[in-house]
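Here is what each chain is made of, one letter per residue.
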Amino acid sequence: MQTLGRIADQATRCARCRSLSGTLCGLSDPASRAEIAAISGQRFVATGQTIIANGEEATVVGTVLAGVLKVSKTLPDGRERIVSLLYPGDFFGQVFNMSAEFAIEAATEAEICVADRSAFEGVLARHPVLARSMLQITTAALAQAREQSLLLSCQTTLERVATYLLVMLERRERMMAELKVRSFKATAASMVPRSDVASYLGTTFETISRHIHYLADRGVIAIIDSSHFEVLDRDGLQSIAGVSSDDVRLFFAQRPGEQVEPKTSHDVVTFTRRIAE
């Protein structure tokens, strides 16, 4: 595993983590939270940097604070397949399992809070509230992964691209609701390269680009640049995707205590480099 970046001070790290709803630390009791703070530290990782390597010992666990991580596996023919994208607030790593089944890398520049896996397992053993929260988060993530796999496997590539845009729109709206911003329209730099989106959706870069232009020609979205897309017709995009609003919400593992405000009918899909900002 590559050496991770510099450590931020504990006060800054914990304040940043508490600003993200539904994080594991936020769901724990003060005693276990203090123990986690004592064994963890914030790291800044560059795009493409490996945090946990596939097949090697999984030495760390942690939470994404900013940016995006990708969970992937290299196939026998050398192709990489992204099975999941992790966003701010998401937990990563495996507990009670020494060997990593998937690689975890930074899809963008990212900030993460990491702890030694063995030490973290000790905290879990001593604090039932934390262990229960860990189980809730893991169960929700498993259900989310199953829903994603079912939905995407039953779609054409155009439907997958449309669904992905809807999911990104939902993610943006949830973030703005969490920040209590009621009226907004924003654009930002691409969160994840189209090559990673293609791997995640099981298609090619060229197919992604072709479908994006098709949606723009239909007047469903407006291409601001190669990484910015304004949704002009949400109902039309949803019709092309062949999914319902409830289907889109299934892409999100609702964390205990999470509150999501009602959505607006029009917004900008953004792939932000630092979605929490």
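A brief structural summary. Please read these numbers as outputs of a predicted model, since none were measured by experiment. (Residues numbered from 1 in each chain as written. Predicted model: local features only at pLDDT ≥ 70, side-chain atom pairs only at ≥ 80, totals over all residues. Heavy atoms only, no water.)

## A few points about the nonpolar core
- Leu85, Tyr164, Leu201, Leu215 and Leu237 are the most contacted members of the largest nonpolar core, which totals 34 residues.
- For this core, the leading source of residues is helix 6 (residues 157-178), giving nine residues.
- Those residues in contact with Leu201, other than ones at most four positions away along the chain, are Arg81, Leu152, Arg160, Val161, Tyr164 and Ile208.
- Counting 16 residues, the second-largest nonpolar core is a separate cluster that includes Val45, Ala58, Val64 and Leu69. (Core = buried A, V, L, I, M, F, W, Y, C linked by side-chain atoms within 4.5 Å. Buried < 20%, exposed > 50% of the residue type's maximum accessible area, 1.4 Å probe, protein only. Helix = DSSP H or I, 4+ residues; strand = E, 2+ residues; numbered from the N terminus. Contact = heavy atoms within 4.5 Å.)

## Points about the pairing of strand 9 (residues 221-225)
- Note that strand 9 and strand 10 (residues 228-231) share four bridges and pair antiparallel. Note on strand 10: the bridge partner recorded for Ile221 is Val231.
- Linking strand 9 back to strand 10 in an antiparallel pair, the connection comprises two residues. (Pairing = 2+ DSSP bridges.)

## Looking at the environment of Tyr214
- Checked against the element boundaries, Tyr214 lands in helix 8 (residues 205-217).
- Taking the C-alpha atoms as reference, Tyr214 lies 9.0 Å from Leu158; in sequence the two are 56 residues apart.

## Re the packing of helix 7 (residues 194-201) against helix 8
- Taken N-terminus to C-terminus, the directions of helix 7 and helix 8 make an angle of 100°; their axes are 8 Å apart at the nearest point. Put simply, helix 7 runs roughly perpendicular to helix 8. Contact with helix 7, carried on its side by Arg194, Ser195, Val197, Ala198 and Leu201, involves Phe205, Ile208, Ser209 and Ile212 of helix 8 and no other residues of that element.
- Tallied by class, the residues present in the contact of helix 7 with helix 8 amount to six nonpolar, two polar and one charged. (Axes fitted to C-alpha atoms, helices over the stretch in contact; angles between N-to-C directions. Parallel < 35°, antiparallel > 145°, perpendicular 65-115°, else oblique. Nonpolar A, V, L, I, M, F, W, Y, C, P; charged D, E, K, R; others polar.)

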